[in-house]
Amino acid sequence: MQGQGSLRNVPRKYFVVLLAGLLTQMLFWAQSHTPRNEWRVVRLAAPSAALADALRVADDQFAYRALALGLQNAGDFAGEMTPLKDFDYGRLAGWFSLLSEIDPDSQYIPALAGYYYGQSRNPDQLRHIVTYLQQLSAKYPQKHWRWLAYSVYLARHRIKDQSLALELAYQLAALQVADLPIWTRQMPAFVLADIGEKEAARDILEAILATSPDLQQAEQNFIRNYIDTRLGKISGSK
Amino acid sequence: MLITALRDRLFLALPVMMALAAALTAFLSGSALIEQREMAASFFGAGSRVLIIFGMVIFICFHIRQAMDSGEIALILSRPISRGAFVLVYGASMVIMGIVCVAIGVILLWICARPPLGGLLVWGASMALETSLMILTTLFFGLILASAVTAALASLGFYFLARMSGLLGILADHASTGGMMDQALGKGFILISFIVPRLDLFSRSEWLVYGWNAQEPGLIWSLLQTLAFIPLVLGAAAIDFSRKRL
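The rules we used
- Residues numbered from 1 in each chain as written.
- Chains lettered and ligands numbered in written order.
- Predicted model: local features only at pLDDT ≥ 70, side-chain atom pairs only at ≥ 80, totals over all residues.
- Helix = DSSP H or I, 4+ residues; strand = E, 2+ residues; numbered from the N terminus.
- Buried ≥ 20, exposed ≤ 12 C-beta atoms within 10 Å, placed from the backbone.
- Contact = placed C-beta atoms within 7 Å.
- pLDDT = per-residue confidence, 0-100.
- Core = buried A, V, L, I, M, F, W, Y, C linked by C-beta atoms within 7 Å.
- Domains from an automatic or database assignment.
- Expected span 1.5 Å × (residues − 1).
- Bend = angle between axes of the 7 residues up to and from the residue.
- Nonpolar A, V, L, I, M, F, W, Y, C, P; charged D, E, K, R; others polar.
- Axes fitted to C-alpha atoms, helices over the stretch in contact; angles between N-to-C directions.
- Parallel < 35°, antiparallel > 145°, perpendicular 65-115°, else oblique.
- Left-handed = near helix turned anticlockwise from the far one by under 90°.

Counting secondary structure elements, chain A contains 11 helices and zero strands. Going residue by residue from the N terminus, the α and β elements of chain A occur as α-α-α-α-α-α-α-α-α-α-α. Within chain A, buried positions represent 31% of all 238 residues. Sequence separation of at least 24 residues holds for 62% of the intrachain contacts in chain A that already meet a minimum separation of 6.

What follows covers the confidence of the model for chain B. Overall, the prediction assigns chain B a mean pLDDT of 88, with 98% of residues at 70 or greater. For this predicted complex, the interface confidence score (ipTM) comes to 0.81, while the overall pTM stands at 0.80.

Turning to the environment of Met94(B), a few remarks are in order. Among the secondary structure elements, Met94(B) is positioned in helix 5 (residues 83-113). Setting aside its immediate chain neighbours within four residues, Met94(B) contacts Met1(B), Ile60(B), Ile135(B) and Leu139(B).

Here we come to the nonpolar core. Membership of the largest hydrophobic core comes to 115 residues, with the highest contact counts inside it found for Ile129(A), Leu133(A), Phe44(B), Met56(B), Ile60(B) and Leu139(B). At 15 residues, the largest contribution of residues to this core is made by helix 3 (residues 36-69) of chain B. Shared between two domains, this core holds at least three residues of each, these being domain 1 (42-172) and domain 2 (181-238) of chain A. In contact with Phe44(B), other than residues within four places in its own chain, are Ala21(B), Ala22(B), Thr25(B), Leu109(B), Cys112(B) and Ala113(B).

An α-helical turn contains 3.6 residues, so a residue and the one three or four places further along point in the same direction. All names here are of chain A. Given a rise of 1.5 Å per residue, 13 residues ought to cover 18 Å, and the 19 Å separating the end C-alpha atoms of helix 9 (residues 182-194) matches this to within 8%. Where helix 9 bends most, at Pro 188, the angle is about 30°. Within helix 9, burial applies to Arg 185, Gln 186, Met 187, Pro 188, Ala 189, Val 191 and Leu 192. Among the structural elements, helix 7 (141-159), helix 8 (162-173) and helix 10 (198-211) are those in contact with the buried residues of helix 9. Of the residues one or two after helix 9, Gly 196 is the one with positive phi, at around 90°.

Time to look at the interface of chain A and chain B. Taken together, the 17 residues of chain A in the interface contact 20 residues of chain B. When contributions to the side of chain A that touches chain B are tallied by element, the ones reaching two or more residues are helix 2 (49-56), helix 3 (60-72) and helix 5 (108-116) of chain A. Residue contributions to the side of chain A that touches chain B peak at five residues, all from helix 3 of chain A. Of the residues contributing to the side of chain A that touches chain B, the split by class is nine nonpolar, four polar and four charged.

Take the packing of helix 3 of chain A against helix 5 of chain A next. All names here are of chain A. It is at 10 Å that the axes of helix 3 and helix 5 come closest, and there the two elements cross at 5°. Judged on the interaxial angle alone, helix 5 and helix 3 are roughly parallel. In contact with Ala 68, Leu 71 and Gln 72 of helix 3, helix 5 contributes Tyr 108, Ile 109, Leu 112 and Tyr 116. The class makeup of the residues in the contact of helix 3 with helix 5 is six nonpolar, one polar and no charged.

Residue and element names in this part refer to chain A. Closest axis-to-axis distance for the helix 9/helix 10 pair is 7 Å, and the angle between their directions is 165°. In terms of axis orientation, helix 9 runs roughly antiparallel to helix 10. Helix 9 and helix 10 meet at a crossing whose hand is left-handed. Between helix 9 and helix 10, the residues in contact are Ile 182, Arg 185, Gln 186, Pro 188, Ala 189, Leu 192 and Ala 193 and Lys 198, Ala 200, Ala 201, Ile 204, Leu 205 and Ile 208, respectively. Along the lines of polarity and charge, the residues of the contact of helix 9 with helix 10 split into 10 nonpolar, one polar and two charged.

Residues and elements named next belong to chain A. The domains assigned to chain A are domain 1 (42-172) and domain 2 (181-238). On the domain 2 side, the residues contacting the nine residues of domain 1 number seven residues. At the level of elements, helix 7 and helix 8 are the ones that each hand at least two residues to the side of domain 1 that touches domain 2. Per element, the largest residue contribution to the side of domain 1 that touches domain 2 is six residues, and it comes from helix 8. Among the residues making up the side of domain 1 that touches domain 2, the classes are represented as seven nonpolar, one polar and one charged.

Listed below in structure tokens is the structure:
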């Protein structure tokens with residue numbers, strides 16, 4: 001005979017066991033549900049590239065996304081938040097580099113590094129982010145040159161290390177990428193203007209004007225206006 | 001077979017589980033900083049693959065054991081049908097069921113993550129091949145092993161090994177430069193990899209994220225591997241089943 005009979009046929013002692021189990025489970029929950037902070041810091045250093053190869057061999061895109069989401073939520077667990085200052089950015093940068101090797105096309109990890117972990121106010125931590133973004137854009141300039149521009153911003157306005165910003169700006173301007181916007185070539189001039197090297201900045205912008213005959217009129221106007229208002233008059237220009 | 005699947009609520013349980021996986025995927029990927037669609041596609045692709053393979057393996061193992069115990073298989077074989085033909089027909093009917101499950105997964109994936117259509121179709125075709133291959137492997141274990149639990153564990157163990165077969169190759173390469181023990185292990189890995197299909201080449205999540213990239217071997221490898229492995233596993237199942245006393 002199949003089907004379910006009435007609950008009245010079930011011995012009451014079983015209900016007692018069930019209720020006792022439910023009570024025990026609720027007691028356990030009351031003791032254990034307080035937020036744990038398992039991901040307070042990135043506890044593990046990134047594995048070596050060889051080990052990562054082994055780990056991702058079954059489905060590397062899934063491994064990449066799962067680890068990336070783990071990194072995004074590192075430190076935030078069950079309602080507890082960990083301040084960015086408490087993170088080990090050296091280890092974070094190791095994970096960023098490793099994951100960017102697994103999927104060099106994705107913007108997820110550089111965005112996470114730049115926009116989220118890049119919010120730290122600690123210049124020492126930010127240097128790790130800048131180094132990662134710099135290396136990424138140097139290795140994959142076609143896809144990730146924008147992150148070099150962003151690292152110029154981090155160096156210039158967040159770390160306030162103008163020499164680093166200038167170095168990054170020169171790297172950005174020198175990238176061999178097709179259809180790079182003109183402002184990437186102007187970037188060193190902007191940094192130079194900030195640190196008072198107005199003559200050098202003017203030289204760069206004049207050189208851009210002289211060597212870019214196809215520049216749109218609006219761009220030319222902007223450069224001339226910038227030179228006029230920020231750097232002083234150009235000698236011999238229209 | 002179809003009646004058993006309906007009776008065991010396979011076509012209810014698997015879609016419900018996949019729908020729950022889709023909901024969980026949507027929840028997880030919704031918290032992603034950017035590329036939420038890509039996140040959902042890769043998570044649901046991996047999750048539905050595990051669900052379909054696990055569901056089919058467990059169903060087939062217990063179905064075969066039940067059919068053996070109830071004398072259903074003996075009854076079928078009392079008709080003028082060879083044991084080899086029985087294995088073939090039985091396997092084909094299971095493969096059809098597996099393809100139905102994959103089709104449900106593909107539809108849910110489209111609803112849940114809207115991956116590039118080309119990539120989704122290639123992934124679905126590759127997933128159908130992977131499922132077919134695992135169904136026939138499970139049929140083999142189900143027919144030769146006396147216990148459903150043992151057959152299910154053996155099939156799932158084989159699946160993990162096959163998904164990690166690329167790792168075996170890497171380990172074998174690394175071991176060849178080591179000491180005598182490492183080299184012996186490396187040779188062992190190579191021997192194992194002879195008979196383990198390269199399932200790591202099947203239904204890759206990057207197709208769901210970046211679409212079908214024609215420069216990759218992709219589906220061709222899946223097809224060739226399936227064509228190479230199916231005769232092997234069906235032959236082994238037919239040989240062993242032919243000498244089995246029912």
